[in-house]
Structure formats: structure tokens, C-alpha cells
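What follows is the residue order along each chain.
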Amino acid sequence: ARKIVLAAAQMGATHRSDERPQTLARMVELLKQAGSKGADVVLFPETAFTTFFPRYLIEDPVELEFWFEHGDVTTAPQTKALFETSKQIGVDIAVGFAEATEDGEHFNSTIYYHAKTGSVLSKYRKIHLPGDFEPIGDKNTTQQLEKRYFKVGDLGFKAFRVPDLAQPTTAERGEPIFGMMICNDRRWAEAWRVLGLQGVEVVLCGYNTTGYAPELWGWDKDVAPEAMRDLAVFQHKLSMQGHSYTNACFSVSAARCGLDDGKHDLVGGSCITDPEGRILAEAKTTEDEIVIAECDLDLCRAGKTRIFDFSRHRRPEHYKLVTEQ
Ligand code: CDT
């Protein structure tokens, strides 16, 4: 057995007007809670330090910068408390944030922070940016303007090993292999397969998924809001469960959810799934909540050596269209 305790720190409503220190304090509290429950790794949502600002049309470039993290997110005054807590309590974190680089580029990013060494083990920049560049419909309704605010990620889907986690560690199987993706990425089989081909054992995915927004989803406006929300949660879980199964890995998903500004609906459904596609733990609320499960990474072996033994069963010569188009 190679056991680790994985957790999602689901975050409830975070309004446009919320002060950053208030949101940061919630995150620190969630991390401490997860630590006291025995978590080894805690995943926070996409753009966790603020509300999900790509839903607004922000035309003033100075105002836009307010929503981004500049410099080293692990030491910057408005975010460092989370990383200091991680180090203090010895719990690794993965956290999503809007990244502004020194060259003025903007990405939707997640980093994996290793508590023991106080270092960033890996960074992922979101590749599948959903929605639009120009607002659709009434520009004051919920938008999805990620194509406007972020560049397509340039780091690929890179799996990485994390030391000091699994108990007991076995020399034979090595340190756990993690991969990260962000929100919309979880709907794309290609993203999972690229991680799967690197032997990934745990996929981490933070998200902000709009519930009721017929224009964004392309759904019929006559469908009841409740039915739309249920469908969005169903498709989220379907993606996490189905792709975990076909890549024989565990997965953790962490939502930013609830009713932002009293009107922008984001779905919950944070969950932890196993390599057979089953849900091990899931959120019961759409508020701040820890979802946690002990996972034996050796359970990935059944799928990786039998039904999804890629080296024996895949037929890449028949998949060329996937990369040619
Ligand atoms: N943040 C993010 O990627 N959200 C998208 C919304 C799609 S359009 C309603 C998602 O795939 O969940």
C-alpha cells in the first residue's frame, strides 16, 4: 500500500466586493481544518484568492491588474499567509491564481507547493480557455471572458513526482505521480491522456463552473435553472469519474461555488474519485467545506497493468486525427 490523504478545500461565495484579506483568512482556516483531519495535500479552486473575475467585462487595464498576482505568489503580501501556514503545519497545497508575469503576460495558473521544502514543485497554466473574447448578449450578465484575459498555457500537461507523501514509500513504485489541470481542461480527454501517458496517479483540478447561464452553455432558455445546475454538476462528475477511470488514477476537484454577488451562480460538487471511477468523498454544501479521503495509490495498478495498460493496448497509429486537426 502507498497511502496518502487527499483533500479538496471547496470555497463558497466570494463576492466582487470581498476584501482580499477576508478571502485569504478563509483559505488559511480551510487549510488548518484539512490539516487537523489528517490531509497530506489540499487542493484549492481555480483563481482562489478572488472572485471569478472573467465573468465581468473589465475594460480598464489598471482595474484588470487588481485581479492578478504579481511577483512570487508564495511570498507576496496578499497571498503569503497560505504558504506560510502550509509550511507551519506540513501540509502540501495546490492553489489556483491569476498569474501576471514580469513580461506582462497573463495566465490562469495553479502551483503545487511542497510544505517540507517550502518550494514550488510544479506549475500548470490553463490550456483550454473556455468562453469568448468579446462579451455575448447583455454585457452586464454573467460572461466567460477567459479568452480575453488569459494567454493559452505554455507549460503543457506535465506530470511530476512528489516526495515525502505516501506511507509507506516503496522504492519499487517510487514517489506519487501528480498532474494538474484547471476547470475546463477536465472535460477534454486529451488532457487526461497526456497525463495518463506519464503514469499519473493523482490529478488535481480546481474549478469555477457556472450553473445557470443558458447563453454560456448554449442551452435552451426555457430549461429551469435547477435542471441546468443539476446537469452542470452531473457533467462535472461525469468528467472526473470517467477520465479517472480510463487513466487509472485518483482525482481531486475543488469548486469555487455558491451565489457570487447574490446573482452569479457557481456549482459545487467538489469530489475525490478513485481509479475505478467511483466517488470516494464529495461536498455536501456549496459553502466552504473540506472534502477528504484516504487513497491507496497502489489501487492504480489494476487499471494501469490490465484494461488500460497503454503500452499493450493503445493503437496510436489510428489516433492521428487527434493531433492533426
Ligand atoms: N472556469 C471554467 O473553465 N469554467 C468552464 C465554464 C464553461 S462555459 C459555462 C467549465 O468548463 O466549467
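Residues numbered from 1 in each chain as written. Predicted model: local features only at pLDDT ≥ 70, side-chain atom pairs only at ≥ 80, totals over all residues. Heavy atoms only, no water.

Asks: Go over the nonpolar core, please, and point to the residues and values.
Replies: Core analysis: the biggest nonpolar cluster contains 47 residues, and L6, Y112, F178, V202 and L204 have the highest contact counts within it. Once residues lying within four places of it in the same chain are set aside, the contact partners of V202 are I4, L6, I177, F178, G179, C249, F250, V252 and L297. Within the second largest apolar cluster, 23 residues are counted, among which are A9, F44, L82 and V91. (Core = buried A, V, L, I, M, F, W, Y, C linked by side-chain atoms within 4.5 Å. Buried < 20%, exposed > 50% of the residue type's maximum accessible area, 1.4 Å probe, protein only. Contact = heavy atoms within 4.5 Å.)

Asks: An account of the site of the ligand is needed here, citing residue identities and associated values.
Replies: Near the ligand, the surroundings consist of 14 residues, among which K126, C183, N184, R187 and T209 are the closest. Contact between the ligand and T209: an oxygen atom at 2.6 Å from a side-chain N or O atom of the residue. Within the complex, 97% of the 350 Å² of free accessible area of the ligand lies under protein. Taken atom by atom, the bulk of the ligand overlaps the second largest pocket. Taken together, the residues of the shell around the ligand sort by class into 5 nonpolar, 4 polar and 5 charged. (Near = heavy atom within 4 Å. Polar contact = N/O pair within 3.5 Å; in protein donor to acceptor, adjacent residues only side chain to side chain. Areas by Shrake-Rupley, 256 points an atom, 1.4 Å probe, with all protein chains shown as cover. 1 Å grid on protein atoms, 1.4 Å probe; cavity = no way out; pocket = protein on both sides within 12 Å on 5 of 7 lines; lining within 4 Å. Sits in = over half its atoms within 2 Å of the grid points. Nonpolar A, V, L, I, M, F, W, Y, C, P; charged D, E, K, R; others polar.)

Asks: Account for the environment of V203, naming residues and giving values.
Replies: Along the chain, V203 falls in strand β9 (residues 202-207). For V203, the residues in contact, after removing those within four places along its chain, are G179, M181, W192, L195, C249, F250, S251 and V252. (Helix = DSSP H or I, 4+ residues; strand = E, 2+ residues; numbered from the N terminus.)

Asks: Let's hear about the confidence of the model for the protein chain: which residues, and what values?
Replies: Any residue range with low pLDDT should be treated as having predicted coordinates unsuitable for detailed reading. Per-residue pLDDT for the protein chain averages 96, and the proportion of residues at 70 or more is 99%. Confidence estimates for the predicted assembly give a pTM of 0.98 and an ipTM of 0.98. (pLDDT = per-residue confidence, 0-100.)

Asks: Which residues make up the layout of surface pockets, and what are the values?
Replies: Of the voids in this model, the largest pocket is the one considered here, and its volume is about 280 Å³. If you trace the largest pocket, you find it lined by A189, E190, R193, V194, L197, R314, P316, Y319, K320, V322 and T323. If you tally residues by element for the lining of the largest pocket, the top one is helix α5 (residues 189-196), at 4 residues. Residues of the lining of the largest pocket, tallied by class, amount to 6 nonpolar, 1 polar and 4 charged. When its volume is computed, the second largest pocket comes out at roughly 220 Å³. Lining the second largest pocket are 14 residues, with P130, Q144, N184, L216 and W217 positioned closest to its centre. Residue composition of the lining of the second largest pocket, by class: 5 nonpolar, 6 polar and 3 charged. (Points joined across faces, edges and corners; volume = space filled by probe spheres on them.)

Asks: Would you mind going over the sheet that holds strand β13 (residues 271-273) in detail, with residue names and values included?
Replies: With mixed pairing, the 6 strands of this open sheet are ordered in space as β7-β8-β9-β10-β13-β14. Taken across any chain shown, the strands that pair with only one partner, and hence form the sheet edges, are β7 (160-161) and β14 (279-282). Bridging between strand β8 (residues 177-182) and β9 involves 5 bridges; their strand directions are parallel. Following the sheet pairing, G179 is matched in β9 by V203. Here α5 sits on the sheet in contact with β8, β9 and β10 (250-255), set at roughly 160° to β8. Packing against the sheet, helix α7 (residues 225-246) makes contact with β9, β10, β13 and β14, and its axis sits at approximately 160° to β10. (Pairing = 2+ DSSP bridges. Axes fitted to C-alpha atoms, helices over the stretch in contact; angles between N-to-C directions.)

Asks: Lay out the packing of helix α1 (residues 20-36) against helix α3 (residues 80-89) in plain terms, naming residues and giving numbers.
Replies: Across the interface, α1 lies against α3 with an axial gap of 9 Å and an inter-helix angle of 15°. Relative to α3, the element α1 lies roughly parallel. Two packed elements cross with a definite hand, and for α1 against α3 that hand is right-handed. Packed against α1, whose contacting residues are L24, M27, V28, L31, K32 and G35, the element α3 presents A81, L82, T85, S86 and I89 at the interface. Here the contact of α1 with α3 is built from residues that sort into 7 nonpolar, 3 polar and 1 charged. (Parallel < 35°, antiparallel > 145°, perpendicular 65-115°, else oblique. Left-handed = near helix turned anticlockwise from the far one by under 90°.)

Asks: Explain unusual backbone geometry to me, and be specific about the residues and the numbers.
Replies: A positive phi is found at D164, a non-glycine position, where the angle reads about 70°. You can see D164 is positioned in the loop between β7 and β8. Here D164 falls in the partly exposed class, since its relative accessible area comes to 41%. Not every positive phi belongs to a glycine, and D261 is a case in point at roughly 55°. D261 gets classed as partly exposed once you look at its relative accessible area, which sits at 28%.

Asks: A description of the packing of aromatic side chains should follow, citing residues and the corresponding values.
Replies: Taken as a whole, this structure holds 13 aromatic pairs when the rule is applied. The interplanar angle of 45° and the centroid separation of 5.9 Å between the aromatic rings of F53 and Y149 together place this pair among those described as tilted. Note that F53 is positioned in the loop between β2 (41-43) and α2 (61-65) and Y149 in helix α4 (residues 146-149), a separation of 96 residues in sequence. For the pair W217 and W219, a centre-to-centre distance of 5.1 Å together with 15° between the ring planes defines the contact as stacked. In this structure W219 comes out as partly exposed when scored by relative accessible area, which is 21%. An aromatic cluster of at least three residues, connected via ring pairs, comprises F53, F66, W67, F68, Y149 and F150. Above the ring of F107, the side-chain terminus of R125 is found at 4.1 Å from the ring centroid. (Phe/Tyr/Trp six-rings, centres within 6.5 Å; stacked < 30°, edge-to-face > 60°. Lys NZ or Arg CZ within 6 Å of the ring centre and 35° of its normal.)

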